[in-house]
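# Structural overview
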Amino acid sequence: KNDVGMIAWLMTLKTVECPTGRQIVLIANDITFKAGSFGTREDVVFKLASEFSRKKRIPRLYMAANSGARIGLAEGIKKTFKVAFKDPSNPESGFDFLYVNKSEYEKLGVAKKELIATPAFVGGKEVFKITDIIGSEPDLGVENLKGSGLIAGETSSAYDDIFTLTLVLGRTVGIGAYLVRLGQRTIQKNTSSPIILTGYQALNKLMGVDVYSTNDQLGGPAIMYSNGISHLAENDHLSAVASAIHWLSYVPSVRGGLLPITDITGIDDIERPIGFVPKSGIPYDPRYLLTGHEDHDGQWHGGFFDKGSFTETLAGWAKSVVVGRARLGGIPMGVIATENRTAEAIKPADPADLSASEAVKQEAGCVWFPNSAYKTAQAINDFRTEDLPLIIFANWRGFSGGQRDMFDEVLKYGALIVDAFVKFKQPVFVYIPPHAEIRGGAWVVLDASINESVMEMYASADNARGGVLEANGAASVKYRTKDMLATMHRLDEKLKSLDAELQGRVCDIERQEVRDAIKEREQALLPVYEQISVQFCELHDTPGRMKAVGVIERAVEWETARSYFYWRLRRKLAEFDLRKKVLETYQVGRGDTVISAVEASRLIKSWFLETPGATDALWGDDKAVLSWMAQQNEQLEMKIMKLNKENVVQEVFDVMTSGGATATIGTAGIVEGISQALLTLSAEERANIKEMIKSTLQL
């Protein structure tokens, strides 16, 4: 018996990772009320519920099943208006305007303000020509679009502030479709749940021919799951809800809260070695790096993450990149991995275009294309607003720079990756796995200097590579034939001997014979020296050199990477939490004194080095730093309190000594603030503060 087609609930869910309960706001269209359309009251309910979830910083889920913005007509006027036909005896000849008579105008126009009209004459009688229909009923037209704009802006803000997720369980039209995209994360039911801007019947009328037969042709999973609007596609309502609850299991109960860490006892072991090892030159499913797999003999080879914890999203779109969420030692993480095999991008033929045909584009592995670059940036933004730490298993030779991909804005989408990293707040690890490489522009958008406060780069020991060009390309540019010949003459004993012999010859015929012998020897050696030149160039791209020039933190053996990054992640999460407290101490008063996150980390390191026995080398030992934070917890809290006090003192000092009106007004404001604060305290507390002021100021 709803009188508004929007419902909102505040729910408490008790789940495995949150056994005491976590709150969410669930908003849903009531499709039984005016087909679930959006009127102004529906928009207000949606906006207030969304604002409530943002205020509490809890996840907001939206169940979409609607028919878009409400369309209505003024029924009272519809039953009253008359038509001024050009020839009343022949209506087929057309009409001039719509009108009401004088009595109707006085009732509807003057008294009720339902219409606006001007005097006119029909058949010699005075009538009132209708120029504007206002109507008495609510939500007839454009006001609903204003409300749609209201909730569109609210949803965009909500995506940045809290976890947002949309479950498309029925058709969602117009503003409903935009709410899906603005909330970003989407789970779509496979049947009868299209995401569309206009229904297929309306499009058929527009084109004058029955081109489309269902709304699924326009916005079903075949379209929306394949273009990245829908992250997951499920067969029924229950599966969609189960996927939503599972997605929530990776996300803190409140934005900025603690990550939901699970116990992996009996499921996996933190310190186990990684069993799946890629082989050089052999393509493989990159998901095996994350999940492990069974070989042909049924033997399990474990991957990087906890067994069974990886959930892939956006799998139907831009298949040359794999993204999803997983757990490392029970800690949830976002993950991005490079597909090293060739993938297909299929663009369906539009039935409305008779000349169109299905286009299948082959996308090489280890290359960013426009769609996969956009997918990477989208995933990073999603992880950021879920407060998840991120690890990237990077194996990119660069961006596709052909004419078509440049036209399709690969440069723009590559830049979006950098934009996404700049905004990131949680730890980011970029790791080059075994027999993988990062080259050229791909390195540029992944380098830790983009956001050095959160990003770190690592490489698999011995066989990872990184550089401007691949070794073959570098050799063709920087180690050309003349350089190879110079190397031959420097190293080959036979050529050295021939060179010496050439110097000793005087006769032109004999000199030519020696030159021919030299050329023959050079041609014989050229193939092996081409390999030597490539090897020489490749030795410039090794993890050892990366570490030596400071572009990676260290080389990490793939077999032990799971254990290393588990402890690194735990240390970074603890360090970031402490760093956040340090940064908050500087947010007093006008906030003139500000330090960066990197400077806050240096301050924490200085506290660590004050501890007896602590060294720079020990600062790189994650277990040692975690142990120090646990043992020195009380002392660290005291340092935070002391820092907070120092910043308050400095702020008051700066205000009172700034000179001019600022000092006068600021000093008066400080005194007034103390006076008002004293009024809220008990008599004993006021007495203590007065005594403190007397003692400090020696009054």
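Preceding this section is the structure that the text describes.
Note that this is a predicted model, so its numbers are computed, not measured.

The next subject is the overall build of the protein chain. The number of helices and strands found in the protein chain is 26 helices and 27 strands. Relative to a compact globule of 699 residues, whose C-alpha radius of gyration would be 27 Å, the protein chain shows 35 Å and is clearly more extended. The burial tally for the protein chain puts 45% of its 699 residues in the buried class. Counting contacts in the protein chain only where the partners sit at least 6 residues apart, residues at least 24 apart contribute 68% of the total. In the structure as shown, the protein chain presents an accessible area of about 36000 Å², 56% of it carried by carbon and sulfur atoms. Of the charged side chains in the protein chain, 80 are positive and 89 negative; the average position of the first set lies 4 Å away from that of the second.

A few words on the sheet that holds strand β16 (residues 321-328). If you walk across this open sheet you meet the 7 strands as β15-β16-β17-β21-β23-β25-β27, and the pairing is mixed. For this open sheet the edge positions go to β15 (311-313) and β27 (554-556), each flanked by a neighbour on one side alone. Pairwise comparison of adjacent strand axes, ignoring direction, gives a mean angle of 30° for this sheet. Against the sheet, helix α20 (residues 561-585) contacts β16, β17 (331-338), β21 (390-393), β23 (428-432), β25 (455-460) and β27, and its axis sits at roughly 160° relative to β23.

What describes two packed helices is the angle between their axes and the distance between those same axes. Packing of α20 against helix α21 (residues 597-609) leaves a shortest axis separation of 9 Å and a crossing angle of 110°. Taken as axis vectors, α20 and α21 run roughly perpendicular relative to one another. Contacts from Glu575, Leu578, Arg579, Val582 and Leu583 in α20 reach Ala597, Ala600, Ser601, Leu603, Ile604 and Trp607 in α21. A class-by-class count of the residues in the contact of α20 with α21 yields 8 nonpolar, 1 polar and 2 charged.

Take the side chain of His231 next. Assignment of secondary structure puts His231 in the loop between α8 (221-224) and β12 (232-234). Ignoring any residue separated from it by four or fewer positions in sequence, one finds His231 in contact with Gln184, Arg185, Thr186, Tyr225, Trp247, Thr313, Leu314, Ala315 and Asp382.

Time to look at the nonpolar core. Residues Phe304, Phe305, Ile336, Phe393, Leu446 and Phe565 are the most contacted members of the largest nonpolar core, which totals 69 residues. With 7 residues, α20 is the single largest residue contributor to this core. Excluding its chain neighbours within four sequence positions, the residues that come into contact with Leu446 are Trp368, Ile392, Ala394, Trp396, Phe421, Val430, Ile438, Met455 and Met457.

What follows covers the packing of aromatic side chains. Per the stated rule, a full pass over the model turns up 28 aromatic pairs. Ring centres of Phe429 and Phe565 lie 5.4 Å apart, and the angle between their planes is 45°; on these two criteria the pair is classed as tilted. You can see Phe429 sitting in strand β23 and its partner Phe565 sitting in helix α20, a full 136 residues away along the chain. A relative accessible area of 1% means that Phe429 is categorised as buried. Its relative accessible area of 0% is what places Phe565 among the buried residues. Geometrically, the ring pair formed by Phe608 and Trp619 is tilted, given 5.2 Å between the ring centres and 55° between the ring planes.

With their axes 9 Å apart at the nearest point, helix α4 (residues 142-161) and helix α5 (residues 175-182) run at an angle of 15° to one another. Classed by the angle they form, the pair α4 and α5 counts as roughly parallel. In terms of crossing hand, the pair formed by α4 and α5 is right-handed. Residues Ser148, Ile151, Ala152, Thr155, Ser156 and Tyr159 of α4 form the contact with α5, whose own contacting residues are Ile175, Leu179 and Leu182. For the contact of α4 with α5, the per-class residue count stands at 6 nonpolar, 3 polar and no charged.

Glancing now at the pattern of salt bridges. Following the criterion strictly, the structure yields 39 salt bridges and no others. Measuring nitrogen to oxygen at the nearest pair gives 2.8 Å for the salt bridge that ties Arg325 to Glu386. Here the residue Arg325 occupies a position in strand β16, and Glu386 occupies one in the loop between α11 (370-385) and β21, the gap between them amounting to 61 residues. Taking relative accessible area as the criterion, Arg325 reaches 2% and is therefore assigned buried. For Glu386, a relative accessible area of 0% puts it in the buried group. Put simply, Glu470 and Arg397 hold a salt bridge, and the shortest N to O gap is 2.7 Å. You can see Glu470 sitting in the loop between β26 (465-467) and α15 (471-478) and its partner Arg397 sitting in the loop between β21 and β22 (398-399), a full 73 residues away along the chain. By relative accessible area, which is 29% here, Glu470 ends up partly exposed.

Read across the open sheet, the 4 strands follow the order β4-β5-β7-β6; overall the sheet is antiparallel. The open sheet is flanked by β4 (82-85) and β6 (115-122), the only strands paired with a single partner. For this sheet the average axis-to-axis angle between neighbouring strands, irrespective of direction, equals 50°. Relative to strand β7 (residues 125-133), strand β5 (residues 95-100) is paired through 2 bridges, and the arrangement is antiparallel. Bridging across to β7, Val100 finds its partner in Phe128.

Among the surface-exposed residues, Phe81, Phe85, Phe95 and Leu98 lie close enough to one another that they form a single nonpolar patch of about 340 Å² accessible area. Structurally, Leu98 is set in strand β5.

The element β25 is extensively covered by neighbouring structure, given that 6 of its 6 residues are classed as buried. By the alternation rule, side chains of β25 split into Met455, Met457 and Ala459 and Glu456, Tyr458 and Ser460, which are all buried. By the bridge criterion, 3 bridges tie β25 to β27 in an arrangement that is parallel. The partner of Ser460 across the bridge, within β27, is Val556.

Take helix α9 (residues 237-248) next. With 12 residues, α9 extends 17 Å between its outermost C-alpha atoms, agreeing within 8% with the 16 Å of an ideal straight helix rising 1.5 Å per residue. Buried within α9 are the following residues: Ala240, Ser243, Ala244, Trp247 and Leu248. Here the buried residues of α9 occupy an arc of 140° about the axis, which is enough to place them on one side. Here α9 starts with a cap whose side-chain oxygen sits 3.3 Å from the backbone nitrogen of Leu238, and that cap is Asp236.

With 15 residues, helix α26 (residues 683-697) should reach 21 Å at 1.5 Å per residue; the first-to-last C-alpha distance of 21 Å fits that figure. Looking one or two residues beyond α26, the residue adopting positive phi is Gln698, at roughly 55°.

Scoring rules and cut-offs
- Residues numbered from 1 in each chain as written.
- Predicted model: local features only at pLDDT ≥ 70, side-chain atom pairs only at ≥ 80, totals over all residues.
- Heavy atoms only, no water.
- Helix = DSSP H or I, 4+ residues; strand = E, 2+ residues; numbered from the N terminus.
- Rg over C-alpha atoms; globule rule 2.2 N^0.38 Å.
- Buried < 20%, exposed > 50% of the residue type's maximum accessible area, 1.4 Å probe, protein only.
- Contact = heavy atoms within 4.5 Å.
- Areas by Shrake-Rupley, 256 points an atom, 1.4 Å probe, with all protein chains shown as cover.
- Lys, Arg positive; Asp, Glu negative; His and termini not counted.
- Charge placed at Lys NZ, Arg CZ, Asp CG, Glu CD.
- Pairing = 2+ DSSP bridges.
- Axes fitted to C-alpha atoms, helices over the stretch in contact; angles between N-to-C directions.
- Parallel < 35°, antiparallel > 145°, perpendicular 65-115°, else oblique.
- Nonpolar A, V, L, I, M, F, W, Y, C, P; charged D, E, K, R; others polar.
- Core = buried A, V, L, I, M, F, W, Y, C linked by side-chain atoms within 4.5 Å.
- Phe/Tyr/Trp six-rings, centres within 6.5 Å; stacked < 30°, edge-to-face > 60°.
- Left-handed = near helix turned anticlockwise from the far one by under 90°.
- Salt bridge = Lys/Arg side-chain N within 4 Å of Asp/Glu carboxyl O.
- Patch = residues over 30% accessible without salt bridge, like charges linked within 9 Å, V, L, I, M, F, W, Y side chains within 5 Å.
- Expected span 1.5 Å × (residues − 1).
- Arc of directions from axis to C-beta.
- Polar contact = N/O pair within 3.5 Å; in protein donor to acceptor, adjacent residues only side chain to side chain.

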